[in-house]
Amino acid sequence: MERLQKILARAGVASRRKCEELIASGRVAVNGRVVTELGAKADPERDVITVSGKPVDSQPKVYLMFNKPKGVITSMSDPGGRPVVKDYLKDVPARVFPVGRLDYDTEGLLLLTNDGELAYRLTHPKHGVPKTYHATVKGVPHGTALEKLASGIRLEDGMTAPAEAEYVDVDPDGRWATISITIREGRKRQVRRMFDAIGHPVLRLKRVAFAGLTLQGLKRGKYRPLTEEEIALLKRAAEGEGTRRERNIRDGR
Ligand code: URA
């Protein structure tokens, strides 16, 4: 017997938190009986579990990496008809959803999966999963400004956690610089706000790594399935653990 929200999340219905909401709202039934208690358990092998009347089956898990172009919303649909990630995944048979989000104007590595439980863990701040961005910013920040970014900077929603920041490329005329920044949180527009705070607004933002996984030549607007090794790495990252070697890979050391 397992908790209902855990079974639902693993079946790819939604994140565990969203599944709790589904249960509380009375949309989940076990063997035809609506269950609204969050502690309720079921047997995924024997019980018939339905969400809004539709049976939940344990679909095979799908894990994809997508190179999101800028000008695309991290969403599976947009009422306003703007381009969404789903437009690029038309031939994916499973119902996958994004792991966290990238801003409309941010490009780069976005994971998608129907493994709601893993997605939830990877985005939970408690696990501190590293995400690396290349930010091209206006002007060239001083080394002390980068140190500030790394040690923690005050934003309107509080101090940022320790990060790593280093130069990737600097315009000899001083008009721009590209900085690599690795953060372990996922606040709204965090990287853009961090650079705003040191007076160097972001001109272009690209996520180049997530939990040690990198785009590795994946073309913009394209996706690919993750390898078994990459999935294993993600699962360890989601536990906040892993071997020293894996932690080093994840942390880019
Ligand atoms: N930080 C941002 O500012 N934007 C993103 O899309 C991701 C991280």
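Residues numbered from 1 in each chain as written. Predicted model: local features only at pLDDT ≥ 70, side-chain atom pairs only at ≥ 80, totals over all residues. Heavy atoms only, no water.

## Observations regarding helix α3 (residues 116-123)
Looking at α3, one finds that the buried residues are G116, E117, L118, A119 and L122. You can read the cap of α3 off the contacts: a side-chain oxygen lies 3.1 Å from the backbone nitrogen of L118, and it is on D115. (Buried < 20%, exposed > 50% of the residue type's maximum accessible area, 1.4 Å probe, protein only. Helix = DSSP H or I, 4+ residues; strand = E, 2+ residues; numbered from the N terminus. Polar contact = N/O pair within 3.5 Å; in protein donor to acceptor, adjacent residues only side chain to side chain.)

## Some thoughts on the packing of aromatic side chains
Taken as a whole and judged by the stated rule, the model has one aromatic pair. Seen in terms of ring centroids, F66 and Y88 are 5.4 Å apart; in terms of plane orientation they differ by 45°. Their pairing is tilted. Of the two residues, F66 is situated in strand β7 (residues 63-68) and Y88 in the loop between β7 and β8 (97-98); the sequence distance between them amounts to 22 residues. Of the residues examined, F66 reaches a relative accessible area of 0% and is grouped as buried. Classification of Y88 as partly exposed rests on a relative accessible area of 31%. (Phe/Tyr/Trp six-rings, centres within 6.5 Å; stacked < 30°, edge-to-face > 60°.)

## Observations concerning the site of the ligand
Around the ligand, the structure places L102, D103, T106, Y133, R189, Q190, V191, R192 and L205. At a separation of 2.9 Å, an oxygen atom of the ligand approaches a polar side-chain atom of T106. In the environment of the ligand, an oxygen atom lies 3.4 Å from a nitrogen or oxygen atom belonging to the backbone of Q190. Protein contacts shield 95% of the accessible area of the ligand, which totals 240 Å² for the unbound molecule. Assessed atom by atom at 2 Å from the grid points, the ligand resides in the largest pocket. Element by element, the count of residues in the shell around the ligand is highest for helix α5 (residues 190-197), at three residues. Partitioning the shell around the ligand into residue classes produces four nonpolar, two polar and three charged. Shared between two domains, the shell around the ligand holds at least three residues of each, these being domain 2 (63-125 + 213-239) and domain 3 (130-210). (Near = heavy atom within 4 Å. Areas by Shrake-Rupley, 256 points an atom, 1.4 Å probe, with all protein chains shown as cover. 1 Å grid on protein atoms, 1.4 Å probe; cavity = no way out; pocket = protein on both sides within 12 Å on 5 of 7 lines; lining within 4 Å. Sits in = over half its atoms within 2 Å of the grid points. Nonpolar A, V, L, I, M, F, W, Y, C, P; charged D, E, K, R; others polar. Domains from an automatic or database assignment.)

## Some details on the sheet that holds strand β5 (residues 49-51)
If you trace the four strands from one edge of the open sheet to the other, you get β3-β2-β5-β6, paired in antiparallel fashion. Here the strands that pair on one side only, and so sit at the sheet edges, are β3 (33-34) and β6 (54-55). Of the strand pairs in this sheet, strand β2 (residues 28-30) and β5 are connected by three bridges, and their pairing is antiparallel. When the bridges of β5 are listed, A29 appears paired with T50. (Pairing = 2+ DSSP bridges.)

Just geometry here; none of it tells us what the structure is for.
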